[in-house]
Amino acid sequence: MAGRPVRAVNAIDQTRRMLSLVTYLRERPGARIEDVARAFGVTEDELVSDLDVLPMCGTSFRGGDLLDIDTDGERIWWHNPAALAAEAAEPLRLAADEATALLVAARAVATLPGLRESDRQALLRATAKVETSAGEAAGASSRLSVTFEAEGGVFADVDRAISERRRLWIRYYSPARDEVTEREIDPIRLVSVGHTYVEAWCRRSEARRTFRLDRVAEIKILDEPSAPPEVELRDLSEGLVQPAAEDPEVVVEVGPGGRWVAEYYPHDSADELADGGLRITLRTPDPASLRRLALRLGGDGRIVSPPDLAESARRAAREALAAYDGVVPAGVPGAGAAGDGRYDRREREL
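Criteria and cut-off values
- Residues numbered from 1 in each chain as written.
- Predicted model: local features only at pLDDT ≥ 70, side-chain atom pairs only at ≥ 80, totals over all residues.
- Heavy atoms only, no water.
- Helix = DSSP H or I, 4+ residues; strand = E, 2+ residues; numbered from the N terminus.
- Contact = heavy atoms within 4.5 Å.
- Areas by Shrake-Rupley, 256 points an atom, 1.4 Å probe, with all protein chains shown as cover.
- Buried < 20%, exposed > 50% of the residue type's maximum accessible area, 1.4 Å probe, protein only.
- Pairing = 2+ DSSP bridges.
- Expected span 1.5 Å × (residues − 1).
- Arc of directions from axis to C-beta.
- Axes fitted to C-alpha atoms, helices over the stretch in contact; angles between N-to-C directions.
- Parallel < 35°, antiparallel > 145°, perpendicular 65-115°, else oblique.
- Left-handed = near helix turned anticlockwise from the far one by under 90°.
- Nonpolar A, V, L, I, M, F, W, Y, C, P; charged D, E, K, R; others polar.
- Phe/Tyr/Trp six-rings, centres within 6.5 Å; stacked < 30°, edge-to-face > 60°.
- Salt bridge = Lys/Arg side-chain N within 4 Å of Asp/Glu carboxyl O.
- Polar contact = N/O pair within 3.5 Å; in protein donor to acceptor, adjacent residues only side chain to side chain.

- Looking at an unreviewed UniProt entry, one finds the protein chain named WYL domain-containing protein, with Streptomyces doudnae as its source organism.

Some remarks on the overall build of the protein chain
Phase 1: If you tally the helices and strands in the protein chain, you get 11 helices and 11 strands.
Phase 2: Pairs at least 24 apart in sequence give 58% of the contacts found in the protein chain among residues at least 6 apart.
Phase 3: Total accessible area on the protein chain is roughly 19900 Å²; 51% of this is exposed by carbon and sulfur atoms.

A closer look at the pairing of strand 5 (residues 195–202)
Phase 1: Of all 8 residues that make up strand 5, 7 are buried, and the element is covered over most of its length.
Phase 2: Sheet topology note: the strand 5/strand 6 (residues 207–212) ladder contains 6 bridges and is antiparallel. From the neighbouring strand, W201 faces strand 6, where its bridge partner is R208.
Phase 3: Hairpin connection of strand 5 to strand 6: 4 residues between the antiparallel strands, including E206 at a positive phi of 50°.

A look at unusual backbone geometry
Phase 1: For the peptide bond that leads from S305 to P306, omega is 5°, which places it in the cis range.
Phase 2: Within the secondary structure, P306 sits in the loop between strand 11 (301–305) and helix 10 (307–325).
Phase 3: We note that R165 has phi near 55°; this positive angle belongs to a residue other than glycine.
Phase 4: The topology assignment puts R165 in the loop between helix 7 (150–164) and strand 3 (166–174).

Some remarks on helix 5 (residues 117–134)
Phase 1: For helix 5, spanning 18 residues, the distance from its first C-alpha to its last is 25 Å, which sits close to the expected 26 Å at 1.5 Å a residue.
Phase 2: Listed as buried for helix 5 are D119, R120 and T127. The buried residues of helix 5 occupy an angular sector of 95° when projected down its axis, which confines them to one face. Exposed positions of helix 5 whose direction lies more than 90 degrees from the buried face are S118, R125, K129, T132 and S133.

Section: the sheet that holds strand 8 (residues 249–254)
Phase 1: Sheet architecture is open: 4 strands sit in the order 9-10-8-11, paired in antiparallel fashion. Every interior strand has two partners, whereas the edge strands, strand 9 (269–272) and strand 11, have only one. Recorded for the sheet is a direction-independent mean angle of 20° between the axes of neighbouring strands.
Phase 2: Sheet topology note: the strand 9/strand 10 (residues 278–283) ladder contains 4 bridges and is antiparallel. Paired with A270 across the strands is I280, a residue of strand 10.

Some remarks on the packing of helix 4 (residues 96–110) against helix 5
Phase 1: One can describe the packing of helix 4 onto helix 5 by two numbers: an axis separation of 10 Å at closest approach and a directional angle of 155°. Comparing their axes, helix 5 and helix 4 come out roughly antiparallel. The two elements helix 4 and helix 5 meet at a crossing, and its hand is left-handed. Seen from helix 4, the contacting residues are A99, L102, L103, A106, R107, V109 and A110; seen from helix 5, they are R120, L123, L124, T127, V130, E131 and A134.
Phase 2: Across the contact of helix 4 with helix 5, the residue classes tally to 10 nonpolar, 1 polar and 3 charged.

Points about the packing of aromatic side chains
Phase 1: Applying the stated criterion across every chain yields a total of 2 aromatic pairs.
Phase 2: For the pair Y24 and F40, a centre-to-centre distance of 5.3 Å together with 75° between the ring planes defines the contact as edge-to-face. With Y24 in helix 1 (residues 11–27) and F40 in helix 2 (residues 33–40), the pair connects residues that are 16 residues apart, well separated along the chain.
Phase 3: According to the relative accessible area criterion, F40 is partly exposed, its value standing at 23%.
Phase 4: Seen in terms of ring centroids, Y172 and F211 are 5.0 Å apart; in terms of plane orientation they differ by 80°. Their pairing is edge-to-face.

Examining the pattern of salt bridges
Phase 1: Applying the stated rule across the entire model yields 24 salt bridges.
Phase 2: Among the ionic pairs, D50 bridges to R17, the shortest N-O distance being 2.8 Å. Here D50, found in helix 3 (residues 44–53), pairs with R17, found in helix 1; they are 33 residues apart in sequence, far enough to count as distant. Per residue, the accessibility class of D50 equals that of R17, and both read buried.

Observations concerning helix 2
Phase 1: Every buried residue belonging to helix 2 is among I33, V36 and A37, and all of these are buried. Along the axis of helix 2, the buried positions cluster into a sector of 100°, meaning they face one direction only.
Phase 2: After helix 2 finishes, the residue G41 shows a positive phi value of roughly 70°.

Some words on the environment of Y172
Phase 1: When you line up the elements, Y172 lands in strand 3.
Phase 2: On the basis of relative accessibility, which here comes to 9%, the residue Y172 falls in the buried class.
Phase 3: The spatial distance from the C-alpha of Y172 to the C-alpha of I219 is 8.9 Å, given a sequence separation of 47 residues.
Phase 4: Ignoring anything within four residues of it in the chain, the contact list for Y172 reads E179, V180, T181, T210, F211, R212, R215 and V216.
Phase 5: Side-chain polar atoms of Y172 contact the backbone nitrogen of R212, separated by 3.0 Å.

Shown next as structure tokens:
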């Protein structure tokens with residue numbers, strides 16, 4: 001919805017909303033999507049996204065126990081509300097392996113740094129109840145432990161910062177530039193598109209940026225309040241990278257072996273070349289990130305423009321060859337983007 005102000009959205013808030021949504025829909029059969037979205041303060045697209053998840057929920061994974069909820073694009077229909085009726089519910093019974101897995105996971109999550117204390121205490125109380133019910137399985141689980149990798153702690157800190165509307169300080173590794181930078185960011189939301197990212201307003205660049213959590217080397221929650229400007233939340237269903245019209249233009253020429261670039265990179269045009277290749281025009285907010293593409297293409301492609309990026313790619317290719325072969329003789333063009341952008345026979349054999 002254009003012009004809608006940014007809201008703090010995290011996994012816990014979404015779970016609470018979906019639990020409330022179940023009760024709301026049960027009491028309002030045939031509710032209109034527009035009315036439900038307004039009642040929950042979300043866009044219609046966000047509501048439909050929630051509705052796509054609900055059919056995977058239920059009292060068990062047996063067909064009749066899952067929520068049979070769908071929409072015709074205008075109204076929402078719940079075909080088996082009796083599945084959650086008290087008389088239909090069966091006592092929950094966990095197998096020994098299920099109880100062990102649940103207890104080990106719960107104890108691990110409770111140790112995450114950045115977890116809100118109220119959520120930690122609620123989790124510990126629930127864990128204690130499961131331990132009581134699990135009997136001997138609880139003893140087996142106490143002999144196991146799980147340690148989360150760094151991304152788990154980063155996720156918890158970001159989630160907490162979003163909930164408490166606080167600014168974050170991060171040290172972030174950028175593979176495109178092969179450097180670590182320090183930034184203060186106002187987090188907007190967590191998103192998962194292959195990897196987990198935080199979409200945020202970066203105070204260093206004064207622009208919206210997306211940071212991959214496993215590239216955050218260090219993170220701190222600051223006392224300063226988070227105050228991102230009002231921006232339109234992007235629909236990421238088409239992928240994380242969605243170039244804007246104002247982004248710099250880059251032209252890449254690829255041979256037949258590099259035609260895959262047009263399939264994986266959003267582009268403005270892809271014109272056929274005489275040798276069976278393509279001349280691809282695309283836009284990116286960070287042209288320097290395409291240097292890695294040039295190196296990956298090798299003899300199958302080159303960056304044509306802008307000239308400074310083409311030269312940067314040639315230099316990176318020469319450095320890569322030098323590191324591999326010890327030295328690049330004078331007069332030998334660099335790999336991929338060097339010279340006319342093609343490897344000679346010697347370079348291809350590398």
